[in-house]
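# Remarks on the overall topology
Each chain, letter by letter, is given below.
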Amino acid sequence: MTGSGPKWRVVKFVKIICGSLLVTIALLLAAASIKTLSLDADGGGLRGARWERTRNTSLVADREQRERRLARFKEAVRIPTVSFSREQSNTTALRHFHTFLRRAFPKIFSSSLVHHELVANYSHLFRVEGSQPDLVPYLLLAHIDVVPASESDDWEAPPFSAKEIDGFIYGRGTIDNKSSVMGILEALEYLLGKGYAPRRGFYIGLGHDEEVGGLKGALNMVRVLKQRGVQLSFVLDEGLAIADGIIVGLEGPAALIGLTEKGMAHVKLRVSTAPGHASMPPRETCIGILAAAVKRLEENPMPRLFGYGPERETFEHLAHKFGLPLKFIMSNLWLFSPVLGRLLERKPETNGLVRTTTAVTMFNAGVKDNVLPSHAEVHVNLRIHPAQSLQEVLDQIHSTVGDQRVKIELISGFEAPPVSSSDEKSFGFQIIKKTVLDVFPTVTVAPGICIANTDSQHFKDLTKDIYRFLPVWLTPGDTQRIHGINERISKKNYEEYVMFYFSLIQNCDIQKLPELLFITRPSHQR
C-alpha cells in the first residue's frame, strides 16, 4: 500500500482530528486545573479591607437580662397571629400583638428618633432618623403573621406554647418569622437604651399578611413610602439561611444571601364533556383526558436553566469548600455547568435551583360513582426560574399539554424579581456579608436564589437591591419544620439573631465601602 492512496489520506485526516481533540481536551483540563488551584480560600478581600469604624456600642447582657429577652420572644410566639387566607386572619391576635410590642419595647415607642405608624390597621412601619440625612436609608423587613398550626398534627409541644425542650423553643413562628421581628426590635431597643443615634436612617417594616401575599401590609407600606418620595439603599427580608450539613459534600456551614426569588404561577386546567350514565362510558372521559394532560406535564418538566441565574454564583463562591472532584467541577462551571445541572435536578431539594418547577396541587372531578362527570379541573403551582418569563411558562404548558380540549387558565402569577447586585461595589450585599462574618466567623458566605416567595418583591420600585437572609442555622430536616410540624429555634440561635441585627444597624453607619473592595476579582473569588 502506498502512502498516497485515498485510504491513507482518510487515515491521516482521522489522526489529525483525533490529535486536535486530544490537544483541545488537554488545554481545557489544564485551564480548569489552574482555575481550581487558584481559588481564593478566603472568599475575597472583605476580611482584609479597612472598614470605617462605626460600632461604638457593645451588646452586653447578664443572665437575668437574657432570660427576660427570651421571655419576650416566647410571649410573641404565644400570640396566634394566624393568616388563614387573604380574606381571613386573626385580627384579635394582631391587635394583641400591637399592645404587646408597645409594652415590650418602651424605648422604641417613646424615642424622639423613632416614628411609628400603623399601616392597613395591623402592619407596623417604623422610621428611625439618622444624623446624616444625605446617607440613603435602608429597610429591615419582617412579618408578624404565621401560617395555621394544629395540636392534632403530632407536635412535640403545642404550636403556640413556646415550650422549651432541650434548649429549643418550639412554636409556630419561631423561625418564620417572629425571630426576625423580635430580633430587630430587641437590637434597636438596646441601642436606644445606650444612647445610640444612627448616622444612616432606616426603616423597619413588620407586615401582618405576608403568609397570604402581603397585599394589604407590604403593598400599603410601599404606597406610603412612595407618597413620601422615599428611595432605599437596600431591603433585607427573610429568605435563605445558614446551611449546616444540608449541602452534600460542602465542608462547613454556608450562609446564603438570596439575590432574588422565584416567580410564581397558579394555573388551572379544565376539561368539559357531556355528562351521562356510567354504564355507557365514551372512549375518554373528562377525567381521563385531564389525567393524560397532567401526566404529560409531569413527564416533561420545564427546561433546565442552571447557570442562567444567581444559582451559578452560589457554587462558584462555595467551590473552595468542596473536596475533589466536586471542587474541580464547581470551580469550572464555564465547562461543567450542564453536568452540575443534571446532578442537581435528581433531588427535589435542588431541582428548584435548576428550572421552573411544576407541582399539581388540587384535582377536582365527579359527583357520584355511577355518573359520568361533566367537567374536571386541576390546579398547578409553578415556581418560575429567574431566567424564564411568565409568558414563556404558559407557552410551554400549552405546548406540552397539546390538547385543545384542555382549557388552560392563568389564575394568578408574577415574574421573578430582578437579581440584586453582589459585587464589590454592592453596599447592601457587602454590609450583610460583613455582619454575617462578624457574628458567624466560621461560615462561608455566598449569594443564592430563594425558591420560596416573600413580600419583599413589592418593594422593587423603591430599591434595586433586595436581599433575603435569616441568621438562622438550618441542619438536615429543619427545612421541613418551616410551615410544618415542630418548628423551633435554639435559645442560642435566637440570641445570635439579636446580635446580628445589633451589628448590622451599626455596620450600616459607614458612608461608603472600603476602597480595597473595588479591586477587580474573578467572579468565583467575590
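Residues numbered from 1 in each chain as written. Predicted model: local features only at pLDDT ≥ 70, side-chain atom pairs only at ≥ 80, totals over all residues. Heavy atoms only, no water.

The chain is annotated in an unreviewed UniProt entry as Peptidase M20 domain containing 1, tandem duplicate 1 of Scophthalmus maximus.

## Thoughts on the layout of surface pockets
To find leftover empty space, one rolls a probe the size of a water molecule over the atoms. Quick note on the threshold: A cavity here means a set of 1 Å grid points, computed over protein atoms only, where a 1.4 Å probe fits but cannot escape. A pocket is an open set with protein on both sides within 12 Å along at least 5 of 7 lines, and lining residues have an atom within 4 Å of a point. Grid points are joined across faces, edges and corners, and a volume is the space filled by probe spheres set on the points. Put simply, DSSP H or I for four residues or longer makes a helix, DSSP E for two residues or longer makes a strand, and each gets a number counted from the N terminus. In the scheme used here, Gly and all other residues not listed as nonpolar or charged are polar, with Ala, Val, Leu, Ile, Met, Phe, Trp, Tyr, Cys and Pro taken as nonpolar and Asp, Glu, Lys and Arg as charged.
Estimated volume of the second largest pocket: approximately 360 Å³. Lining the second largest pocket we find 17 residues, and of these Gln-65, Arg-72, Lys-107, Glu-189 and Tyr-190 sit closest to its centre. Among the secondary structure elements, those contributing two or more residues to the lining of the second largest pocket are helix 2 (63-78), helix 4 (106-110) and helix 5 (178-193). When grouped by side-chain class, the residues that make up the lining of the second largest pocket number eight nonpolar, two polar and seven charged.

## As for the sheet that holds strand 4 (residues 164-165)
Note the threshold: Following DSSP output, two strands are said to pair if at least two bridges run between them. Any two residues whose heavy atoms approach within 4.5 Å are treated as being in contact. A fitted line through C-alpha atoms represents every axis, and for helices the fit uses only the stretch in contact; the resulting angles, taken between N-to-C directions, go from 0 to 180 degrees.
The strand order across the open sheet formed by three strands is 4-5-17, and the pairing between neighbours is antiparallel. Two strands lie at the open edges of the sheet, namely strand 4 and strand 17 (488-490), each paired on one side alone. Across three bridges, the pairing between strand 5 (residues 168-170) and strand 17 is antiparallel. What sits directly across from Ile-169, in strand 17, is Ile-489. Its contacts with the sheet put helix 14 (residues 491-507) on strand 4, strand 5 and strand 17, and the angle it makes with strand 17 is roughly 80°.

## Notes on the pairing of strand 15 (residues 444-450)
Heads up, the condition is: Under the scheme applied here, a residue whose accessible area is under 20% of the maximum for its type counts as buried, over 50% as exposed, and between as partly exposed, the area being computed with a 1.4 Å probe on protein chains only.
Strand 15 sits mainly inside the fold: seven of its seven residues count as buried. One ladder, built from seven bridges, connects strand 8 (residues 254-261) with strand 15; its direction is parallel. In the sheet register, Glu-261 faces strand 15, and the bridge partner there is Cys-450.

## Focus: the side chain of Asp-465
Along the chain, Asp-465 falls in the loop between strand 15 and strand 16 (466-474). Residue class for Asp-465 comes out buried when judged on its relative accessible area of 5%. The contacts of Asp-465, once residues within four sequence positions are left out, are Ser-233, Phe-234, Val-235, Ser-420, Ser-421 and Ser-426.

## Observations regarding the packing of helix 2 against helix 5
To keep things clear, this is the line we draw: We call two directions roughly parallel when the angle between them is under 35 degrees, roughly antiparallel when it is over 145, roughly perpendicular when it lies between 65 and 115, and oblique otherwise. Left-handed describes a crossing whose near helix is turned anticlockwise from the far helix through less than a right angle; right-handed describes the clockwise counterpart.
Between helix 2 and helix 5, the shortest axis-to-axis distance is 10 Å and the interhelical angle comes to 140°. Classified by the angle between their axes, helix 2 and helix 5 sit oblique to one another. Here the hand of the crossing between helix 2 and helix 5 comes out right-handed. Contact residues: Arg-69, Arg-72, Phe-73, Ala-76 and Val-77 in helix 2; Lys-178, Ser-179, Met-182 and Glu-186 in helix 5. Here the contact of helix 2 with helix 5 is built from residues that sort into four nonpolar, one polar and four charged.

## A few points about the UniProt feature "binding site: Zn(2+) 1" (unreviewed entry) in the chain
The test is simple: UniProt positions are given in the numbering used here, feature names are shortened, and annotations may be inferred rather than shown by experiment.
UniProt records the feature "binding site: Zn(2+) 1" (unreviewed entry) at Asp-176, Glu-211 and His-483, using the numbering of this structure. In three dimensions, the annotated residues from a span of 308 residues occupy one location, with a maximal C-alpha spread of 10.0 Å. Take Asp-176: it is sitting in the loop between strand 5 and helix 5. Asp-176 gets classed as buried once you look at its relative accessible area, which sits at 8%. Apart from the residues lying within four places of it in its own chain, the contact partners of Asp-176 are His-143, Asp-145, Val-146, Glu-211, Glu-238, Ile-482, His-483 and Glu-487. Those residues in contact with Glu-211 that lie beyond four places of it in its chain are Ser-83, His-143, Asp-145, Val-146, Val-147, Asp-176 and His-483.

## Concerning the sheet that holds strand 11 (residues 357-365)
Here we have four strands laid out as an open sheet, ordered 11-13-9-14, and antiparallel in their pairing. Since the sheet does not close on itself, it has two edges, and those belong to strand 11 and strand 14 (407-414), each with one partner. On average, each strand axis in the sheet is inclined to that of its neighbour by 20°, with strand direction left out of account. Sheet topology note: the strand 11/strand 13 (residues 375-384) ladder contains eight bridges and is antiparallel. Looking at strand 13, one finds that Thr-357 is bridged to Arg-383.

## Focus: helix 14
Condition: To estimate the expected span of a helix, subtract one from its residue number and multiply by 1.5 Å.
Taking 1.5 Å of rise per residue, the 17 residues of helix 14 would be expected to cover 24 Å, and the 24 Å separating its terminal C-alpha atoms lies within 8% of that figure. When you tally the buried positions in helix 14, you get 13 out of 17 residues, the bulk of the element.

## Details of the environment of His-385
Rule in force here: By the criterion applied in these results, polar contacts are pairs of N or O atoms within 3.5 Å in which, for protein atoms, one can donate a hydrogen and the other can accept it, and in which residues neighboring in sequence qualify only through two side-chain atoms.
One can find His-385 in the loop between strand 13 and helix 12 (390-401). Since its relative accessible area comes to 0%, His-385 is described here as buried. His-385 sits 80 residues away from Leu-305 along the chain, and the two C-alpha atoms are 7.7 Å apart. Within polar-contact distance, the side chain of His-385 engages the side chain of Glu-311 at 3.3 Å.

## Structural notes on the pairing of strand 8
Within strand 8, eight of the eight residues are buried, which leaves it mostly tucked inside the rest of the structure. Sheet topology note: the strand 7 (residues 235-243)/strand 8 ladder contains two bridges and is antiparallel. Note that in strand 8 the partner of Ile-242 across the bridge is Ala-255.

## Comments concerning the packing of aromatic side chains
Threshold: The aromatic pairing rule takes the rings of Phe, Tyr and Trp, using the six-membered ring of Trp, and pairs them if the centres are within 6.5 Å, calling planes under 30 degrees apart stacked, those over 60 edge-to-face and the rest tilted. Here, over-ring charges are defined by two tests on the NZ atom of lysine or the CZ atom of arginine: distance to the ring centre within 6 Å, and angle to the ring normal within 35 degrees.
Counted under the stated rule, the structure contains 15 aromatic pairs. Taken together through their ring pairs, the aromatic side chains of Tyr-138, Phe-202, Phe-234, Phe-427, Phe-429 and Tyr-467 make up a single cluster. In this structure, Lys-434 packs its charged tip against the face of Trp-51, placed 5.1 Å from the ring centre. Looking at Arg-488, its charged tip hangs above the ring of Phe-168, at a distance of 3.9 Å from the centre.

## Quick word on the UniProt feature "active site" (unreviewed entry) in the chain
Per the UniProt record, "active site" (unreviewed entry) is found at Asp-145 and Glu-210. On the basis of their most widely separated C-alpha atoms, the annotated residues across 66 residues gather in one place, lying no more than 6.8 Å apart. The residues touching Asp-145, leaving out its near neighbours within four places in the chain, are Thr-81, Ser-83, Asp-176, Gly-207, His-208, Asp-209, Glu-210, Glu-211 and Val-212. Among the polar contacts made by the side chain of Asp-145, one reaches the side chain of Ser-83 at a distance of 2.8 Å. With respect to the element layout, Glu-210 can be found in the loop between strand 6 (202-207) and helix 6 (217-227). Among the polar contacts made by the side chain of Glu-210, one reaches the side chain of His-143 at a distance of 3.2 Å.

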